[in-house]
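Residues per chain, in single letters:
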Amino acid sequence: MTFLIALLFLGLAVGASANCKCDTMKWATCDGTPCECTLLVDDGVKQKLNCNTLIPKCYLMKGESYRASKGQDTRIIGGKPVESAFLDNDGIYDPDCENNGTFKARQCNNTDVCWCVNSAGVRRTDKGDKTLKCEKLVETYWLRLQLTHEPVEGGIDEKLLKPALAAAIKKRYNFDTKLVDEVQYDPDANLILVDVKKEIGERQTDLTTMAYYMEKDVKVLPLFKDQEKFEPVVGTKTLKLNKILVYYVDEENPTFTMKALTGGIIAVIVVVVLAVIAGLLVVFFARRREQQKYSKAQPRELETM
Ligand SMILES: *[C@@H]1O[C@H](CO)[C@@H](O)[C@H](O)[C@H]1NC(C)=O
Ligand SMILES: *[C@@H]1O[C@H](CO)[C@@H](O)[C@H](O)[C@H]1NC(C)=O
């Protein structure tokens, strides 16, 4: 009898621990009754998580920065040649978060160099020293997600794209479909632009956390515990997304100076120069081919003569 009861308890304990998990964060550790989940963000520092919803981006970045410092797997940094002017310069850092998971307006990455960020934690000012003041956290109210998908046999029905994407985003990130504002499509480039926008002044929706989860879904591996892929279904066709670029639009314009933008401008110049060289090469080879045709044609003409 006691054996049976012990077995029952064991069963309950196993059952409970099986339910004690964090669906929205695969790196979380969960245990106890009631179940509590945490994310390691520094040596011996655990951030408590609410796993009923997406984990705020600031906590995710903190955890990721810590994992990167320990050489554990995280996202691949700097794999792309050119990214949007906002994102590419800094990438990941160890952010300071408010108690509710939002970013502190000023970030210093544990150094003496500081800068101001938007609600996505992305730098929107020049870097300065510790005396730098950031009056408030400026909200990002509009995100443009530039998605590329693998070719789909027979193409996709453009009319179905917006509702399909809105539904997929709602299902995966529990996100109001109304926020998907506009969708543009370039079938030749397999390129989808999704504008996700909220009212200026709205403080309920966290666009940037959703975008961060999506970035991970497309670029590396899902942050969700079940490693299911994010593959929107348009009509009967499944979209396999392979690239994502996120543009941030804040309620107030960023205050970069030219100096801070140099990197981006250099990248643009490089692209333009490469395009020009490619153009010249095309012209050069076309000319050569024409010349070859001409010189080949010549003897034949002579023969007939
Ligand atoms: C933050 O600090 C880490 C480690 O010192 C460094 O590798 C990283 O480049 C820094 N990031 C930024 C944005 O300054
Ligand atoms: C989060 O906390 C900060 C600082 O206390 C506050 O300014 C901000 O309004 C809070 N945001 C939300 C969404 O609760």
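Residues numbered from 1 in each chain as written. Chains lettered and ligands numbered in written order. Predicted model: local features only at pLDDT ≥ 70, side-chain atom pairs only at ≥ 80, totals over all residues. Heavy atoms only, no water.

What's the story with the side chain of N118 in this structure? I'm lost.
Tracing the chain through its elements places N118 in the loop between β5 (115–116) and β6 (140–149). Exposure remark for N118: the relative accessible area of 0% places this residue in the buried category. Here V122 takes part through its backbone nitrogen, which lies 3.0 Å from a polar atom of the side chain of N118. (Helix = DSSP H or I, 4+ residues; strand = E, 2+ residues; numbered from the N terminus. Buried < 20%, exposed > 50% of the residue type's maximum accessible area, 1.4 Å probe, protein only. Polar contact = N/O pair within 3.5 Å; in protein donor to acceptor, adjacent residues only side chain to side chain.)

Would you mind going over the state of the cysteines with me for this structure?
Covalent bonding between the sulfur atoms of two cysteines defines a disulfide. Summed over all chains, the structure comprises six disulfides. Across the disulfide from C20 sits C35; the S-S distance is 2.0 Å. With the S-S bond torsion at 85 degrees, the cross-link from C20 to C35 turns out right-handed. Within this pair, whereas C20 is found in the loop between α1 (2–19) and β1 (29–31), its partner C35 is found in the loop between β1 and β2 (36–42), the two being separated by 15 residues in sequence. Taking the relative accessible area as the measure of exposure, C35 reaches 40% and is therefore partly exposed. Across the disulfide, C108 is cross-linked to C114 (sulfur-sulfur distance 2.1 Å). Its torsion about the S-S bond being 105 degrees, the disulfide of C108 and C114 is classed as right-handed. When the cysteines engaged in disulfides are numbered in sequence order, the chain pairs them as 1-4, 2-6, 3-5, 7-8, 9-10, 11-12. (Disulfide = S-S within 2.5 Å.)

Looking at this model, I keep getting lost on the environment of E182. Mind explaining?
For E182, the location among the structural elements is in strand β7 (residues 180–186). Taking the C-alpha atoms as reference points, E182 and K197, 15 residues apart in sequence, are found 8.7 Å from one another. E182 has contacts with L193, V194 and D195, leaving out every residue within four places of it along the chain. (Contact = heavy atoms within 4.5 Å.)

Whenever I open this one, the pairing of β7 confuses me. Can you help?
Successive residues of a regular strand alternate their side chains across the two faces of the sheet. Pairing of β7 with strand β8 (residues 191–197) involves six bridges; the strand directions are antiparallel. Bridged to V180 within β8 is V196. Hairpin connection from β7 to β8: four residues lie between these consecutive antiparallel strands, with N190 at a positive phi of about 55 degrees. (Pairing = 2+ DSSP bridges.)

Hey, could you run me through the site of ligand 2 in this one?
Close to ligand 2 lie E98, N100 and T102. Separating an oxygen atom of ligand 2 from a side-chain N or O atom of N100 is a distance of 2.4 Å. When ligand 2 is considered free in solution it has 360 Å² of accessible area, and contact with the protein chains removes 33% of it. (Near = heavy atom within 4 Å. Areas by Shrake-Rupley, 256 points an atom, 1.4 Å probe, with all protein chains shown as cover.)

It is not clear to me how the sheet that holds strand β11 (residues 241–250) should be interpreted in this structure. Could you clarify?
Strands pair in a sheet through their backbones, by hydrogen bonds, and they do so in one of two ways: parallel or antiparallel. Read from one edge to the other, the open sheet built from four strands follows the order β7-β8-β6-β11, with strand pairing classed as antiparallel. In the strand order of this sheet, the two ends are held by β7 and β11, each with one partner. Put simply, the sheet's adjacent strands are angled 15 degrees from each other on average, direction ignored. In the packing of helix α4 (residues 207–219) onto the sheet, the strands contacted are β6, β8 and β11, and the crossing angle to β6 comes to about 15 degrees. (Axes fitted to C-alpha atoms, helices over the stretch in contact; angles between N-to-C directions.)

What exactly am I supposed to notice about the packing of helix α3 (residues 158–173) against α4 here?
One can describe the packing of α3 onto α4 by two numbers: an axis separation of 11 Å at closest approach and a directional angle of 100 degrees. One element, α3, and the other, α4, form an angle in the roughly perpendicular class. Counted together, I169, R172 and Y173 of α3 and M210, Y213, M214 and D217 of α4 form the full contact between these two elements. (Parallel < 35°, antiparallel > 145°, perpendicular 65-115°, else oblique.)

So what exactly am I meant to see when it comes to the packing of helix α2 (residues 57–69) against α4 here?
Angle between the axes and distance between the axes: these two values describe a pair of packed helices. Following both chains from N to C, one finds α2 and α4 inclined at 40 degrees, their axes separated by 9 Å at the closest point. Judged by the angle between their axes, α2 and α4 are oblique. Side by side, α2 and α4 meet where K57, L60, M61 and E64 of the first sit next to T208, T209, Y212, Y213 and K216 of the second. Among the residues making up the contact of α2 with α4, the classes are represented as four nonpolar, two polar and three charged. (Nonpolar A, V, L, I, M, F, W, Y, C, P; charged D, E, K, R; others polar.)

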